Amino acid sequence: MPSLSTSQREILLAELGSLRRFCRSLSGSAADADDLLQMTVERILEKGMPADADAVKWAYRVCKNAWIDELRSRDVRQRYPQLMAWDNDEAPSAEESAGHERALETLSAALAKLPPEQRLALTLVAVEGKSYAEAAAILEVPVGTIMSRIARARAQLLKYREGPGWD
Amino acid sequence: MQDRDFELLSAYVDGELEPAAAAALTSRLAQEPALSARLAELQTLHSELQDAATSDDGTPVPARIRELLQPRPGRIRSLPHRLARFQGNLRQGLAIAASLTAVAGLLLASQWQNGLEGAADDVLLAAALETLPSRAAGWDTLDDGRRLRAVLSFPNKEGSWCREYILADEDSAIRGVACRDSSNWTTRIAVPQALLPGGDEEAYRPASASDSGDFARFIDQHVAGDVAGAESEAGLIAGSWQ
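Residues numbered from 1 in each chain as written. Chains lettered and ligands numbered in written order. Predicted model: local features only at pLDDT ≥ 70, side-chain atom pairs only at ≥ 80, totals over all residues. Heavy atoms only, no water.

The next subject is the side chain of Glu 15 of chain A. Residues and elements named next belong to chain A. As for its placement among the helices and strands, Glu 15 is situated in helix H1 (residues 6-27). There is no salt bridge for the buried Glu 15, and the closest opposite charge comes from Lys 130, which lies 4.0 Å off by N-O distance. Side chain to side chain, Glu 15 and Tyr 60 meet in a polar contact 3.4 Å long. Sequence-distant contacts of Glu 15, that is, excluding residues within four places in its chain, are made with Val 56, Tyr 60 and Lys 130. (Helix = DSSP H or I, 4+ residues; strand = E, 2+ residues; numbered from the N terminus. Buried < 20%, exposed > 50% of the residue type's maximum accessible area, 1.4 Å probe, protein only. Lys, Arg positive; Asp, Glu negative; His and termini not counted. Salt bridge = Lys/Arg side-chain N within 4 Å of Asp/Glu carboxyl O. Polar contact = N/O pair within 3.5 Å; in protein donor to acceptor, adjacent residues only side chain to side chain. Contact = heavy atoms within 4.5 Å.)

What follows is the structure in C-alpha coordinates.
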(Lines give C-alpha, C1' and ligand atoms only; values in the text may rest on other atoms or scores of the structure.)
Protein backbone atom coordinates (compact mmCIF):
# COMPACT_ATOMS: atom_id res chain seq x y z
CA MET A 1 0.00 0.00 0.00
CA PRO A 2 1.36 3.44 -0.85
CA SER A 3 2.68 5.69 1.87
CA LEU A 4 0.82 8.87 2.69
CA SER A 5 0.75 11.64 0.14
CA THR A 6 1.38 15.22 1.12
CA SER A 7 -2.31 16.04 0.79
CA GLN A 8 -3.29 13.07 2.97
CA ARG A 9 -0.83 14.22 5.62
CA GLU A 10 -2.25 17.73 5.49
CA ILE A 11 -5.80 16.44 5.81
CA LEU A 12 -4.83 14.32 8.80
CA LEU A 13 -2.97 17.20 10.42
CA ALA A 14 -6.07 19.37 10.06
CA GLU A 15 -8.22 16.58 11.50
CA LEU A 16 -6.02 15.80 14.52
CA GLY A 17 -8.06 17.97 16.90
CA SER A 18 -11.30 16.20 16.03
CA LEU A 19 -9.64 12.82 16.13
CA ARG A 20 -8.25 13.63 19.54
CA ARG A 21 -11.73 14.55 20.79
CA PHE A 22 -12.99 11.27 19.39
CA CYS A 23 -10.18 9.45 21.19
CA ARG A 24 -11.06 11.21 24.40
CA SER A 25 -14.70 10.26 24.15
CA LEU A 26 -13.69 6.66 23.61
CA SER A 27 -10.92 6.39 26.19
CA GLY A 28 -12.39 8.61 28.89
CA SER A 29 -9.25 10.58 29.74
CA ALA A 30 -6.98 13.11 28.10
CA ALA A 31 -3.80 11.12 28.67
CA ASP A 32 -5.27 7.92 27.30
CA ALA A 33 -6.70 9.87 24.38
CA ASP A 34 -3.27 11.12 23.36
CA ASP A 35 -1.87 7.62 23.51
CA LEU A 36 -4.73 6.33 21.39
CA LEU A 37 -4.26 9.19 18.95
CA GLN A 38 -0.53 8.51 18.67
CA MET A 39 -1.20 4.82 18.14
CA THR A 40 -3.69 5.72 15.41
CA VAL A 41 -1.23 7.98 13.58
CA GLU A 42 1.56 5.42 13.86
CA ARG A 43 -0.67 2.69 12.45
CA ILE A 44 -1.67 4.89 9.53
CA LEU A 45 1.96 5.69 8.82
CA GLU A 46 3.04 2.08 9.10
CA LYS A 47 0.32 0.60 6.93
CA GLY A 48 -0.26 3.47 4.54
CA MET A 49 -3.49 4.52 2.93
CA PRO A 50 -4.88 3.93 -0.57
CA ALA A 51 -4.50 6.95 -2.81
CA ASP A 52 -8.25 7.15 -3.37
CA ALA A 53 -9.22 6.66 0.29
CA ASP A 54 -11.16 9.29 2.18
CA ALA A 55 -8.40 10.23 4.62
CA VAL A 56 -10.75 11.36 7.37
CA LYS A 57 -12.96 8.28 7.32
CA TRP A 58 -9.88 6.10 7.04
CA ALA A 59 -8.34 7.71 10.12
CA TYR A 60 -11.49 7.31 12.19
CA ARG A 61 -11.65 3.68 11.13
CA VAL A 62 -8.06 3.05 12.17
CA CYS A 63 -8.71 4.81 15.45
CA LYS A 64 -11.78 2.68 16.06
CA ASN A 65 -9.80 -0.49 15.41
CA ALA A 66 -6.96 0.63 17.67
CA TRP A 67 -9.41 1.32 20.46
CA ILE A 68 -11.11 -2.04 20.06
CA ASP A 69 -7.72 -3.76 20.07
CA GLU A 70 -6.90 -1.93 23.28
CA LEU A 71 -10.20 -2.99 24.84
CA ARG A 72 -9.45 -6.60 23.93
CA SER A 73 -5.99 -6.42 25.37
CA ARG A 74 -7.35 -4.80 28.51
CA ASP A 75 -9.87 -7.59 28.78
CA VAL A 76 -7.02 -10.10 28.66
CA ARG A 77 -5.12 -8.18 31.32
CA GLN A 78 -8.16 -8.10 33.59
CA ARG A 79 -8.30 -11.88 33.38
CA TYR A 80 -4.78 -11.96 34.76
CA PRO A 81 -4.76 -9.16 37.33
CA GLN A 82 -1.75 -10.57 39.13
CA LEU A 83 0.33 -9.82 36.05
CA MET A 84 -1.06 -6.36 35.49
CA ALA A 85 -1.53 -4.86 38.92
CA TRP A 86 -0.99 -1.36 37.54
CA ASP A 87 -4.23 -1.64 35.63
CA ASN A 88 -6.41 -1.99 38.70
CA ASP A 89 -6.90 1.68 39.45
CA GLU A 90 -7.96 2.73 35.97
CA ALA A 91 -11.71 2.49 36.01
CA PRO A 92 -13.69 3.81 38.93
CA SER A 93 -16.06 1.35 40.55
CA ALA A 94 -19.81 1.76 40.22
CA GLU A 95 -19.90 3.05 43.78
CA GLU A 96 -17.25 5.64 43.05
CA SER A 97 -19.01 6.75 39.90
CA ALA A 98 -22.31 7.10 41.72
CA GLY A 99 -20.58 9.36 44.19
CA HIS A 100 -19.30 11.78 41.60
CA GLU A 101 -20.84 15.16 41.89
CA ARG A 102 -20.07 16.44 38.46
CA ALA A 103 -22.57 15.55 35.77
CA LEU A 104 -19.89 15.22 33.13
CA GLU A 105 -17.98 12.67 35.15
CA THR A 106 -21.15 10.70 35.64
CA LEU A 107 -21.81 10.87 31.93
CA SER A 108 -18.30 9.66 31.14
CA ALA A 109 -18.76 6.76 33.52
CA ALA A 110 -22.05 5.92 31.83
CA LEU A 111 -20.44 6.09 28.40
CA ALA A 112 -17.75 3.70 29.58
CA LYS A 113 -20.41 1.13 30.37
CA LEU A 114 -21.86 1.11 26.89
CA PRO A 115 -21.01 -1.74 24.52
CA PRO A 116 -18.18 -0.59 22.24
CA GLU A 117 -20.28 -0.60 19.07
CA GLN A 118 -22.91 1.64 20.67
CA ARG A 119 -20.32 3.98 22.10
CA LEU A 120 -18.60 4.33 18.76
CA ALA A 121 -21.81 5.13 16.92
CA LEU A 122 -23.01 7.60 19.54
CA THR A 123 -19.65 9.33 19.78
CA LEU A 124 -19.30 9.76 16.03
CA VAL A 125 -22.76 11.26 15.67
CA ALA A 126 -23.51 13.08 18.92
CA VAL A 127 -19.98 14.25 19.73
CA GLU A 128 -18.23 14.46 16.37
CA GLY A 129 -21.29 15.63 14.45
CA LYS A 130 -21.01 12.98 11.76
CA SER A 131 -24.14 12.11 9.81
CA TYR A 132 -25.57 8.63 10.07
CA ALA A 133 -24.24 7.94 6.57
CA GLU A 134 -20.72 9.06 7.54
CA ALA A 135 -20.77 7.02 10.73
CA ALA A 136 -22.00 4.02 8.75
CA ALA A 137 -19.09 4.41 6.32
CA ILE A 138 -16.57 4.65 9.14
CA LEU A 139 -17.94 1.70 11.08
CA GLU A 140 -18.73 -0.26 7.91
CA VAL A 141 -22.31 -1.07 8.87
CA PRO A 142 -25.69 -0.10 7.35
CA VAL A 143 -27.24 3.25 8.22
CA GLY A 144 -30.13 1.49 9.91
CA THR A 145 -27.68 -0.20 12.25
CA ILE A 146 -26.23 3.17 13.21
CA MET A 147 -29.71 4.47 13.95
CA SER A 148 -30.58 1.57 16.22
CA ARG A 149 -27.19 1.53 17.98
CA ILE A 150 -27.46 5.21 18.80
CA ALA A 151 -30.99 4.81 20.09
CA ARG A 152 -29.95 1.89 22.27
CA ALA A 153 -26.97 3.83 23.55
CA ARG A 154 -29.16 6.77 24.51
CA ALA A 155 -31.68 4.48 26.15
CA GLN A 156 -28.88 2.95 28.21
CA LEU A 157 -27.53 6.33 29.22
CA LEU A 158 -30.96 7.50 30.36
CA LYS A 159 -31.49 4.24 32.15
CA TYR A 160 -28.19 4.59 33.90
CA ARG A 161 -29.01 8.11 34.97
CA GLU A 162 -32.54 7.47 36.08
CA GLY A 163 -32.16 4.13 37.74
CA PRO A 164 -33.84 0.76 37.28
CA GLY A 165 -37.35 2.18 37.36
CA TRP A 166 -37.04 3.66 33.89
CA ASP A 167 -39.15 2.00 31.24
CA MET B 1 -42.44 3.50 25.22
CA GLN B 2 -41.96 1.37 22.16
CA ASP B 3 -38.46 0.92 20.82
CA ARG B 4 -39.55 2.24 17.43
CA ASP B 5 -40.78 5.50 18.93
CA PHE B 6 -37.55 5.90 20.86
CA GLU B 7 -35.54 5.36 17.67
CA LEU B 8 -37.63 7.99 15.91
CA LEU B 9 -37.01 10.48 18.71
CA SER B 10 -33.30 9.70 18.70
CA ALA B 11 -33.05 10.23 14.95
CA TYR B 12 -35.14 13.39 15.29
CA VAL B 13 -32.60 14.80 17.76
CA ASP B 14 -29.86 14.08 15.24
CA GLY B 15 -31.78 15.69 12.38
CA GLU B 16 -31.77 12.41 10.49
CA LEU B 17 -35.49 11.93 9.87
CA GLU B 18 -36.90 12.40 6.41
CA PRO B 19 -39.08 15.53 6.18
CA ALA B 20 -42.32 13.58 6.08
CA ALA B 21 -41.37 11.45 9.08
CA ALA B 22 -40.21 14.52 10.98
CA ALA B 23 -43.51 16.28 10.28
CA ALA B 24 -45.49 13.26 11.45
CA LEU B 25 -43.49 13.07 14.63
CA THR B 26 -43.90 16.79 15.28
CA SER B 27 -47.62 16.34 15.02
CA ARG B 28 -47.58 13.49 17.52
CA LEU B 29 -45.38 15.44 19.91
CA ALA B 30 -48.05 18.10 20.18
CA GLN B 31 -50.59 15.50 21.23
CA GLU B 32 -48.55 13.06 23.32
CA PRO B 33 -47.04 14.53 26.50
CA ALA B 34 -45.09 11.36 27.28
CA LEU B 35 -43.47 11.44 23.88
CA SER B 36 -42.66 15.11 24.28
CA ALA B 37 -41.17 14.53 27.73
CA ARG B 38 -38.94 11.78 26.39
CA LEU B 39 -37.78 14.06 23.60
CA ALA B 40 -36.83 16.71 26.17
CA GLU B 41 -34.77 14.14 28.04
CA LEU B 42 -32.99 13.11 24.85
CA GLN B 43 -32.23 16.71 23.96
CA THR B 44 -30.80 17.32 27.42
CA LEU B 45 -28.66 14.22 27.12
CA HIS B 46 -27.49 15.34 23.68
CA SER B 47 -26.43 18.72 25.08
CA GLU B 48 -24.57 17.05 27.94
CA LEU B 49 -22.68 14.84 25.50
CA GLN B 50 -21.61 17.84 23.49
CA ASP B 51 -20.63 19.75 26.63
CA ALA B 52 -18.55 16.80 27.73
CA ALA B 53 -16.82 16.77 24.37
CA THR B 54 -15.90 20.43 24.55
CA SER B 55 -14.81 20.37 28.17
CA ASP B 56 -11.29 19.23 27.45
CA ASP B 57 -8.34 21.12 28.87
CA GLY B 58 -7.80 23.17 25.75
CA THR B 59 -4.25 21.98 25.26
CA PRO B 60 -3.04 21.61 21.70
CA VAL B 61 -2.44 18.23 20.14
CA PRO B 62 0.97 17.15 21.45
CA ALA B 63 3.80 18.18 19.16
CA ARG B 64 5.16 14.64 19.17
CA ILE B 65 1.99 13.48 17.41
CA ARG B 66 1.81 16.37 14.96
CA GLU B 67 5.42 15.77 14.11
CA LEU B 68 4.71 12.21 13.08
CA LEU B 69 2.65 13.55 10.19
CA GLN B 70 5.13 16.13 9.01
CA PRO B 71 6.10 15.24 5.43
CA ARG B 72 9.70 14.41 5.95
CA PRO B 73 11.58 11.13 6.25
CA GLY B 74 13.78 12.18 9.14
CA ARG B 75 10.99 12.58 11.67
CA ILE B 76 11.24 10.93 15.06
CA ARG B 77 9.68 7.51 14.97
CA SER B 78 7.78 5.50 17.53
CA LEU B 79 7.97 7.82 20.48
CA PRO B 80 7.03 6.05 23.70
CA HIS B 81 3.54 6.31 25.05
CA ARG B 82 3.21 7.78 28.47
CA LEU B 83 0.80 5.50 30.21
CA ALA B 84 1.48 2.21 31.84
CA ARG B 85 -1.71 1.03 30.18
CA PHE B 86 0.22 0.79 26.96
CA GLN B 87 3.31 -0.74 28.45
CA GLY B 88 2.77 -4.01 26.66
CA ASN B 89 2.89 -2.33 23.28
CA LEU B 90 5.73 -0.13 24.43
CA ARG B 91 7.85 -3.03 25.55
CA GLN B 92 7.37 -4.67 22.20
CA GLY B 93 8.22 -1.43 20.42
CA LEU B 94 11.35 -0.91 22.43
CA ALA B 95 12.49 -4.45 21.78
CA ILE B 96 12.15 -3.77 18.08
CA ALA B 97 13.94 -0.47 18.45
CA ALA B 98 16.81 -2.13 20.28
CA SER B 99 17.03 -4.71 17.56
CA LEU B 100 17.06 -2.10 14.85
CA THR B 101 19.80 -0.21 16.60
CA ALA B 102 21.90 -3.33 16.94
CA VAL B 103 21.43 -4.23 13.30
CA ALA B 104 22.27 -0.76 12.19
CA GLY B 105 25.56 -1.06 13.99
CA LEU B 106 25.88 2.67 14.03
CA LEU B 107 25.37 4.14 17.43
CA LEU B 108 26.05 7.78 17.07
CA ALA B 109 26.45 8.88 20.61
CA SER B 110 30.00 10.00 20.88
CA GLN B 111 30.57 13.07 22.95
CA TRP B 112 27.14 14.51 22.38
CA GLN B 113 27.00 15.57 26.01
CA ASN B 114 30.13 17.61 25.56
CA GLY B 115 28.50 19.12 22.54
CA LEU B 116 25.47 20.08 24.58
CA GLU B 117 27.52 21.73 27.28
CA GLY B 118 29.18 23.89 24.71
CA ALA B 119 26.05 24.48 22.69
CA ALA B 120 25.59 28.05 23.87
CA ASP B 121 28.94 28.86 22.33
CA ASP B 122 28.31 27.07 19.06
CA VAL B 123 28.35 30.19 16.96
CA LEU B 124 28.06 28.38 13.65
CA LEU B 125 25.02 26.44 14.77
CA ALA B 126 23.38 29.54 16.23
CA ALA B 127 23.95 31.51 13.05
CA ALA B 128 22.49 28.74 10.95
CA LEU B 129 19.41 28.37 13.13
CA GLU B 130 18.89 32.10 12.92
CA THR B 131 18.79 32.19 9.15
CA LEU B 132 18.10 28.80 7.60
CA PRO B 133 14.57 27.53 6.93
CA SER B 134 13.44 24.09 8.06
CA ARG B 135 13.69 21.39 5.49
CA ALA B 136 12.10 17.99 5.01
CA ALA B 137 15.22 16.33 3.63
CA GLY B 138 18.81 17.04 2.75
CA TRP B 139 21.35 19.07 4.64
CA ASP B 140 22.94 22.46 4.96
CA THR B 141 26.69 22.37 5.50
CA LEU B 142 28.24 24.55 8.17
CA ASP B 143 31.62 26.16 7.64
CA ASP B 144 33.35 23.51 9.74
CA GLY B 145 31.89 20.70 7.65
CA ARG B 146 29.13 19.59 9.97
CA ARG B 147 25.78 18.94 8.36
CA LEU B 148 22.66 20.59 9.73
CA ARG B 149 19.02 19.99 9.04
CA ALA B 150 16.66 22.42 10.75
CA VAL B 151 13.57 20.27 11.23
CA LEU B 152 10.86 22.57 12.52
CA SER B 153 10.15 25.67 14.59
CA PHE B 154 7.68 26.00 17.44
CA PRO B 155 6.79 28.60 20.09
CA ASN B 156 7.65 27.77 23.67
CA LYS B 157 5.96 28.69 26.91
CA GLU B 158 8.56 31.32 27.66
CA GLY B 159 7.36 33.36 24.73
CA SER B 160 10.30 32.68 22.45
CA TRP B 161 10.89 30.33 19.55
CA CYS B 162 12.60 26.96 19.54
CA ARG B 163 13.94 24.93 16.66
CA GLU B 164 14.40 21.23 16.42
CA TYR B 165 17.39 20.18 14.39
CA ILE B 166 19.65 17.31 13.46
CA LEU B 167 23.38 17.98 13.51
CA ALA B 168 25.74 15.39 12.10
CA ASP B 169 29.41 15.01 11.42
CA GLU B 170 31.25 12.10 9.89
CA ASP B 171 30.66 9.66 12.71
CA SER B 172 27.98 11.01 15.00
CA ALA B 173 24.69 12.81 15.02
CA ILE B 174 22.42 14.46 17.53
CA ARG B 175 18.85 15.61 17.45
CA GLY B 176 18.46 18.77 19.47
CA VAL B 177 16.15 21.60 20.35
CA ALA B 178 17.57 25.09 20.62
CA CYS B 179 15.59 28.06 21.86
CA ARG B 180 16.24 31.70 21.14
CA ASP B 181 17.21 33.62 24.27
CA SER B 182 17.54 37.34 23.54
CA SER B 183 19.60 37.13 20.39
CA ASN B 184 21.29 33.79 20.87
CA TRP B 185 20.25 30.20 20.21
CA THR B 186 20.89 27.86 23.12
CA THR B 187 20.47 24.12 22.86
CA ARG B 188 18.16 22.93 25.62
CA ILE B 189 18.23 19.22 24.88
CA ALA B 190 20.18 16.97 22.56
CA VAL B 191 19.99 13.21 22.18
CA PRO B 192 22.22 10.91 20.16
CA GLN B 193 20.80 9.55 16.96
CA ALA B 194 21.17 6.13 15.42
CA LEU B 195 20.90 5.50 11.72
CA LEU B 196 18.04 3.23 10.81
CA PRO B 197 19.04 0.11 8.88
CA GLY B 198 18.86 0.17 5.12
CA GLY B 199 21.52 2.73 4.40
CA ASP B 200 19.08 5.64 4.16
CA GLU B 201 21.06 8.52 5.51
CA GLU B 202 17.89 10.53 5.99
CA ALA B 203 16.33 8.14 8.49
CA TYR B 204 17.43 8.68 12.05
CA ARG B 205 15.77 7.70 15.27
CA PRO B 206 16.76 8.19 18.92
CA ALA B 207 19.54 5.79 19.82
CA SER B 208 17.82 4.61 22.97
CA ALA B 209 14.36 4.52 24.45
CA SER B 210 15.29 6.78 27.34
CA ASP B 211 16.62 9.36 24.91
CA SER B 212 13.40 9.20 22.95
CA GLY B 213 11.34 9.66 26.10
CA ASP B 214 13.43 12.58 27.32
CA PHE B 215 13.14 14.31 23.98
CA ALA B 216 9.38 13.81 23.74
CA ARG B 217 8.89 14.99 27.31
CA PHE B 218 10.94 18.10 26.69
CA ILE B 219 8.87 19.09 23.69
CA ASP B 220 5.60 18.33 25.46
CA GLN B 221 6.61 20.42 28.42
CA HIS B 222 7.76 23.40 26.41
CA VAL B 223 5.63 23.66 23.29
CA ALA B 224 3.04 26.43 23.45
CA GLY B 225 1.36 26.26 20.07
CA ASP B 226 1.43 24.93 16.56
CA VAL B 227 4.56 24.29 14.58
CA ALA B 228 5.31 27.22 12.28
CA GLY B 229 4.46 26.59 8.63
CA ALA B 230 6.93 27.41 5.89
CA GLU B 231 5.49 30.84 5.19
CA SER B 232 5.24 31.72 8.85
CA GLU B 233 8.78 30.57 9.47
CA ALA B 234 10.09 32.62 6.56
CA GLY B 235 8.50 35.67 8.18
CA LEU B 236 10.12 34.86 11.50
CA ILE B 237 13.55 34.54 9.90
CA ALA B 238 13.08 37.83 8.07
CA GLY B 239 12.05 39.50 11.31
CA SER B 240 14.88 38.02 13.41
CA TRP B 241 12.39 35.76 15.22
CA GLN B 242 10.55 38.66 16.84
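The structure having been displayed, the exposition proceeds.
On to empty space enclosed by the protein, then. Residue and element names in this part refer to chain B. Within the structure shown, the criterion is met by two cavities of 30 Å³ or more. Here the largest cavity is characterised by a volume of approximately 40 Å³. Elements represented by at least two residues in the lining of the largest cavity include exactly helix H4 (63-68) and strand E3 (147-155). (1 Å grid on protein atoms, 1.4 Å probe; cavity = no way out; pocket = protein on both sides within 12 Å on 5 of 7 lines; lining within 4 Å. Points joined across faces, edges and corners; volume = space filled by probe spheres on them.)

Summed over the entire model, instances satisfying the criterion amount to 18 salt bridges over all chains. Between Arg 21 of chain A and Glu 128 of chain A there is a salt bridge, with the nearest N and O atoms lying 3.2 Å from each other. Placement of the pair is Arg 21 of chain A in helix H1 and Glu 128 of chain A in the loop between helix H6 (116-127) and helix H7 (132-139), with a sequence separation of 107 residues. A relative accessible area of 27% places Arg 21 of chain A in the partly exposed class. One salt bridge in this structure joins Glu 158 of chain B and Arg 188 of chain B, with 3.1 Å as the shortest N-O distance. A residue pair is termed long-range when its members are at least 10 positions apart, and Glu 158 of chain B in the loop between E3 and strand E4 (161-168) and Arg 188 of chain B in strand E6 (residues 184-195) qualify at 30 residues. Given the relative accessible area of 27%, Arg 188 of chain B is considered partly exposed.

Applying the stated criterion across every chain, the model contains one disulfide over all chains. Note that Cys 162 of chain B is cross-linked by a disulfide to Cys 179 of chain B, the S-S spacing being 2.0 Å. Where Cys 162 of chain B bonds to Cys 179 of chain B through sulfur, the torsion about that S-S bond is close to 100 degrees, and the disulfide is right-handed. On the criterion of sequence distance, the pair formed by Cys 162 of chain B in strand E4 and Cys 179 of chain B in strand E5 (residues 173-181) is long-range, its members being 17 residues apart. Residue Cys 179 of chain B is classed as buried on the basis of its relative accessible area of 0%. Among the cysteines around Cys 23 of chain A, which has no disulfide bond, Cys 63 of chain A carries the closest sulfur, lying 3.4 Å off. (Disulfide = S-S within 2.5 Å.)

Moving on, we get to the nonpolar core. Leu 12, Leu 16, Leu 122, Leu 139, Ile 146 and Leu 157 of chain A together with Leu 69 of chain B are the most contacted members of the largest nonpolar core, which has 66 residues in total. The contact partners of Leu 69 of chain B, leaving out residues within four places of it in the chain, are Leu 4, Arg 9, Leu 12, Leu 13, Leu 16, Val 41 and Leu 45 of chain A. (Core = buried A, V, L, I, M, F, W, Y, C linked by side-chain atoms within 4.5 Å.)

This part covers the packing of helix H8 (residues 143-162) of chain A against helix H1 (residues 3-13) of chain B. Where H8 of chain A contacts H1 of chain B, the two axes come as close as 9 Å, and the packing angle between them is 100 degrees. Here H8 of chain A is positioned roughly perpendicular relative to H1 of chain B, judged by the angle of their axes. Residues Met 147, Ser 148, Ile 150, Ala 151, Arg 154, Ala 155 and Leu 158 of chain A of H8 of chain A pack against Arg 4, Phe 6, Glu 7, Ser 10, Ala 11 and Val 13 of chain B of H1 of chain B. When its residues are assigned to classes, the contact of H8 of chain A with H1 of chain B shows eight nonpolar, two polar and three charged. (Axes fitted to C-alpha atoms, helices over the stretch in contact; angles between N-to-C directions. Parallel < 35°, antiparallel > 145°, perpendicular 65-115°, else oblique. Nonpolar A, V, L, I, M, F, W, Y, C, P; charged D, E, K, R; others polar.)

Turning our eyes to something else, we now look at unusual backbone geometry. Both trends apply: most residues other than glycine have a negative phi, and most peptide bonds are in trans. Positive phi outside glycine occurs at Glu 140 of chain A, with the angle close to 60 degrees. Considering the arrangement of structural elements, one finds Glu 140 of chain A in the loop between H7 and H8. Positive phi outside glycine occurs at Trp 241 of chain B, with the angle close to 60 degrees. Residue placement: Trp 241 of chain B occurs in the segment after helix H9 (230-238).

Quick look at H6 of chain A now. H6 of chain A sits mainly inside the fold: 10 of its 12 residues count as buried. Looking one or two residues past H6 of chain A, Gly 129 of chain A carries a phi angle of roughly 75 degrees, positive in sign.

Moving on, we come to the pairing of E5 of chain B. Looking along a regular strand, one sees side chains alternate from face to face of the sheet. Residue and element names in this part refer to chain B. With eight of nine residues buried, E5 is to be regarded as a mostly interior element. Pairing between E4 and E5: seven bridges, direction antiparallel. Counted as the bridge partner of Ala 168 is Ala 173 from E5. Between the antiparallel neighbours E4 and E5 lie four residues. (Pairing = 2+ DSSP bridges.)

Right, let's talk about the pairing of E3 of chain B for a bit. Residue and element names in this part refer to chain B. Most of E3 sits out of view: eight of its nine residues are buried. Looking at chain direction, strand E2 (residues 140-141) and E3 are connected through two bridges and run antiparallel. Within E3, the position partnered with Thr 141 by the bridge is Arg 147. The hairpin formed by E2 and E3 contains five residues between the paired strands, and Gly 145 there has a positive phi angle of roughly 95 degrees. Here E3 folds back onto E4, and the loop between the two strands holds five residues, one of which, Gly 159, carries a positive phi near 90 degrees.

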